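Fold and geometry: a report
If you want the building blocks of each chain, they are given just below.
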Amino acid sequence: MTDMDSINLALLAFRCAVGAVMLAHGLNHIFGGGKIAGTARWFESLGMKPGKVHAWVASLTEVGGGTMLVLGLLTPLAGAAVIGVMLVAWITNHRGNGFFIFRPGEGWEYVMTLTFSGLLLGAIGSGQWSLDHAIGFEDPPGVSGLATVLVLGAGGAAALLAGFWRPPPPKEQ
């Protein structure tokens, strides 16, 4: 195995792992537990209104971005999808709960890790064992990939929060 093969294998494994997490997350929002209606109620309780619209947008973004990562297709856009969804989750649900995910209310270590995974993949690309490489799309993306994930991912999250997030008032103690 060459050094490039090792790098491509690691990128394939990493993007498939992150992609599978995102894909499973989106499918669970749609089909698991309370289905999309339950996800919508939860989003409404976090202040994301209208909940049903945001439940569908987040879920389809997770499914689409996850699938794109597994395939290594348009990887900077897939990275932006991960960043956008995870930043919104970080801010609306996890930021005030400490670092560790096992803390009450779920801390932010998990969404932080996924956010920076999306940043990494968007900037360095999916490697030679991908559809991006096969079609000659931004291989590797570099600065343009980094700009894509920051503008579309972080910028999209900021715009969505500014336009639609109305956090509930703090609970009295």
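What you see is a predicted model, and the numbers here were worked out from it, not measured in a lab. (Residues numbered from 1 in each chain as written. Predicted model: local features only at pLDDT ≥ 70, side-chain atom pairs only at ≥ 80, totals over all residues. Heavy atoms only, no water.)

So, on to the overall build of the chain. Looking only at helices and strands, one finds 7 helices and 0 strands in the chain. Ordering the α and β elements of the chain from the N terminus gives α-α-α-α-α-α-α. The C-alpha atoms of the chain give 17 Å as radius of gyration, which agrees with the globular expectation for 173 residues (16 Å, within 12%). Seen through its principal axes, the chain has C-alpha atoms that stretch 60 × 30 × 30 Å. Here the contacts in the chain between residues at least 6 apart in sequence split such that 66% fall between residues at least 24 apart. Accessible area of the chain: about 9,000 Å², with a carbon and sulfur share of 71%. Placing the 9 positive and 10 negative side-chain charges of the chain at their respective mean positions leaves the two points 18 Å apart. (Helix = DSSP H or I, 4+ residues; strand = E, 2+ residues; numbered from the N terminus. Rg over C-alpha atoms; globule rule 2.2 N^0.38 Å. Contact = heavy atoms within 4.5 Å. Areas by Shrake-Rupley, 256 points an atom, 1.4 Å probe, with all protein chains shown as cover. Lys, Arg positive; Asp, Glu negative; His and termini not counted. Charge placed at Lys NZ, Arg CZ, Asp CG, Glu CD.)

The next point concerns the packing of aromatic side chains. Inspection of every chain in the model, using the stated rule, returns 5 aromatic pairs. Measuring from ring centre to ring centre gives 5.0 Å for Phe99 and Phe100, while their planes differ by 80°; the resulting arrangement is edge-to-face. With 5.0 Å between their ring centres and 85° between their planes, Phe99 and Trp108 make a pair best called edge-to-face. Through a chain of ring-to-ring contacts, three or more aromatic side chains come together here, namely Trp90, Phe99, Phe100, Phe102 and Trp108. (Phe/Tyr/Trp six-rings, centres within 6.5 Å; stacked < 30°, edge-to-face > 60°.)

This part is about the side chain of Ser126. When you line up the elements, Ser126 lands in the loop between α5 (109–124) and α6 (131–135). Relative accessible area serves as the criterion here: at 4%, Ser126 is assigned to the buried category. Side chain to side chain, Ser126 and Thr75 meet in a polar contact 3.3 Å long. (Buried < 20%, exposed > 50% of the residue type's maximum accessible area, 1.4 Å probe, protein only. Polar contact = N/O pair within 3.5 Å; in protein donor to acceptor, adjacent residues only side chain to side chain.)

A few words now on unusual backbone geometry. Lys49 connects to Pro50 through a cis peptide bond whose omega is -5°. Along the chain, Pro50 turns up in the loop between α2 (35–46) and α3 (51–71). Backbone geometry places Leu74, a non-glycine residue, at a positive phi of 50°. Examined against the element boundaries, Leu74 turns out to sit in the loop between α3 and α4 (75–94).

Turning our attention to a nonpolar patch on the surface. Among the surface-exposed residues, Phe99, Phe100, Ile101 and Phe102 lie close enough to one another that they form a single nonpolar patch of about 390 Å² accessible area. Considering the arrangement of structural elements, one finds Phe102 in the loop between α4 and α5. (Patch = residues over 30% accessible without salt bridge, like charges linked within 9 Å, V, L, I, M, F, W, Y side chains within 5 Å. Salt bridge = Lys/Arg side-chain N within 4 Å of Asp/Glu carboxyl O.)

A few words now on the environment of Ala10. Take Ala10: it is sitting in helix α1 (residues 3–31). Under the relative-accessibility criterion, Ala10 is labelled partly exposed at 46%. C-alpha separation for the pair Ala10 and Phe116, spaced 106 residues apart in sequence, amounts to 16 Å.

Another point: the packing of α4 against helix α7 (residues 142–164). Relative to each other, α4 and α7 sit at 35°, their axes nearing to 8 Å. Note on packing geometry: the crossing formed by α4 with α7 is right-handed. Where α4 approaches α7, its residues Pro76, Leu77, Gly79, Ala80, Ile83, Gly84, Leu87, Val88, Ile91 and Thr92 are matched on the opposing element by Gly145, Thr148, Val149, Leu152, Gly153, Ala154, Ala157, Leu160 and Leu161. Tallied by class, residues from the contact of α4 with α7 come to 13 nonpolar, 6 polar and no charged. (Axes fitted to C-alpha atoms, helices over the stretch in contact; angles between N-to-C directions. Left-handed = near helix turned anticlockwise from the far one by under 90°. Nonpolar A, V, L, I, M, F, W, Y, C, P; charged D, E, K, R; others polar.)

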